[in-house]
Amino acid sequence: MEVFVNILRICELIACISGFIYWRKIRTSIFKWFPVFLSFVVISECIGDFLKPPVYAKENLAYFNYFEIPVEFLFFFWLFYKTQSFDKYKRLPLVCALLYLLSWLTDTFYLSKLKFSFYSFSYTIGTLLLLVVVLRYFILLVTSNNILSFWKDMLFWISTGLLVYYLGTFPYYGLRNTLLESYTDLYYTYSYIIYLLNSLMYILFTFSFIWGKPNIKSF
């Protein structure tokens, strides 16, 4: 497991460093905040690694449930909102962000009182809503002139990374509490896949800085 964790951390760091290497290309666009966000991820994951179970089990869960995971979802909803300013459904990411916050509050003030440790409900809702926003982007892409040079669109690589990771991990996080309690072997086997998909997502984020351009016309 440690090898997979190290691979993921390296991929996260490479994506973050790439963003600052290509800072000149993105500094006048909304994507200038993406390397900053990736820096947040790198630091947050280091904090999460420090708060290792079983010694800091409660602190670890609280940190991810109450802070890192909500920030990540809200950042991507905000990014899609800012990059699709001419779409007639431009407020869709904001609506999705609001729905996610409502599900998170449900987890925080109701479901957290139950036996469940991980906020599977809000994570599942957040994943579904983010996939809706990502798929909306792809629909706009294939029906626009941008499809002729899709690899130059930074949001294409970001969206592909999100699609690969969140679609692939949806069953795992949706059933995480059940798998951990009743199907331990399957839980740990799936965990390896999670690390690989997560690493692939950050590799695709890296490609967004290398091959993508921030000045592709918004939809």
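Residues numbered from 1 in each chain as written. Predicted model: local features only at pLDDT ≥ 70, side-chain atom pairs only at ≥ 80, totals over all residues. Heavy atoms only, no water.

**Quick word on the overall build of the chain**
Piece 1. Broken down by element type, the chain carries 9 helices and 0 strands.
Piece 2. Counting helices and strands in the order they occur from the N terminus, the chain gives α-α-α-α-α-α-α-α-α.
Piece 3. The buried share of the chain, reckoned over its 219 residues, is 48%.
Piece 4. If you take every contact in the chain between residues at least 6 apart in sequence, the share linking residues at least 24 apart comes to 74%.
Piece 5. Of the roughly 11800 Å² that the chain leaves accessible, carbon and sulfur atoms contribute 69%. (Helix = DSSP H or I, 4+ residues; strand = E, 2+ residues; numbered from the N terminus. Buried < 20%, exposed > 50% of the residue type's maximum accessible area, 1.4 Å probe, protein only. Contact = heavy atoms within 4.5 Å. Areas by Shrake-Rupley, 256 points an atom, 1.4 Å probe, with all protein chains shown as cover.)

**Quick look at the packing of helix 4 (residues 57-83) against helix 6 (residues 120-142)**
Piece 1. At a closest axis distance of 11 Å, the pairing of helix 4 and helix 6 adopts a crossing angle of 20°. Overall, the two elements helix 4 and helix 6 adopt an arrangement that is roughly parallel. Relative to helix 6, the crossing made by helix 4 is left-handed. On helix 6, the residues that touch Ile 69, Phe 73, Phe 76, Phe 77 and Phe 80 of helix 4 are Tyr 123, Gly 126, Thr 127, Leu 129, Leu 130, Val 133, Val 134 and Tyr 137. (Axes fitted to C-alpha atoms, helices over the stretch in contact; angles between N-to-C directions. Parallel < 35°, antiparallel > 145°, perpendicular 65-115°, else oblique. Left-handed = near helix turned anticlockwise from the far one by under 90°.)

**Here we look at helix 4**
Piece 1. Between its first and last C-alpha atoms helix 4 spans 38 Å; for 27 residues at 1.5 Å apiece the expected length is 39 Å, and the two agree.
Piece 2. At Phe 64, helix 4 shows its largest kink, close to 40°. (Expected span 1.5 Å × (residues − 1). Bend = angle between axes of the 7 residues up to and from the residue.)

**Quick word on the side chain of Thr 160**
Piece 1. Structurally, Thr 160 can be placed in helix 7 (residues 154-174).
Piece 2. For Thr 160, the residues in contact, after removing those within four places along its chain, are Phe 138 and Leu 204.

**Section: the nonpolar core**
Piece 1. Of all hydrophobic cores here, the largest spans 53 residues; its most connected members are Phe 76, Leu 162 and Phe 205.
Piece 2. Those elements giving two or more residues to this core turn out to be helix 1 (2-21), helix 3 (33-50), helix 4, helix 5 (92-109), helix 6, helix 7 and helix 9 (184-211).
Piece 3. Contact partners of Phe 76, with chain neighbours within four places excluded, come to Phe 34, Phe 37, Leu 130, Ile 158, Leu 162 and Phe 205. (Core = buried A, V, L, I, M, F, W, Y, C linked by side-chain atoms within 4.5 Å.)

All quantities given are derived from atomic positions and should not be read as evidence of function.
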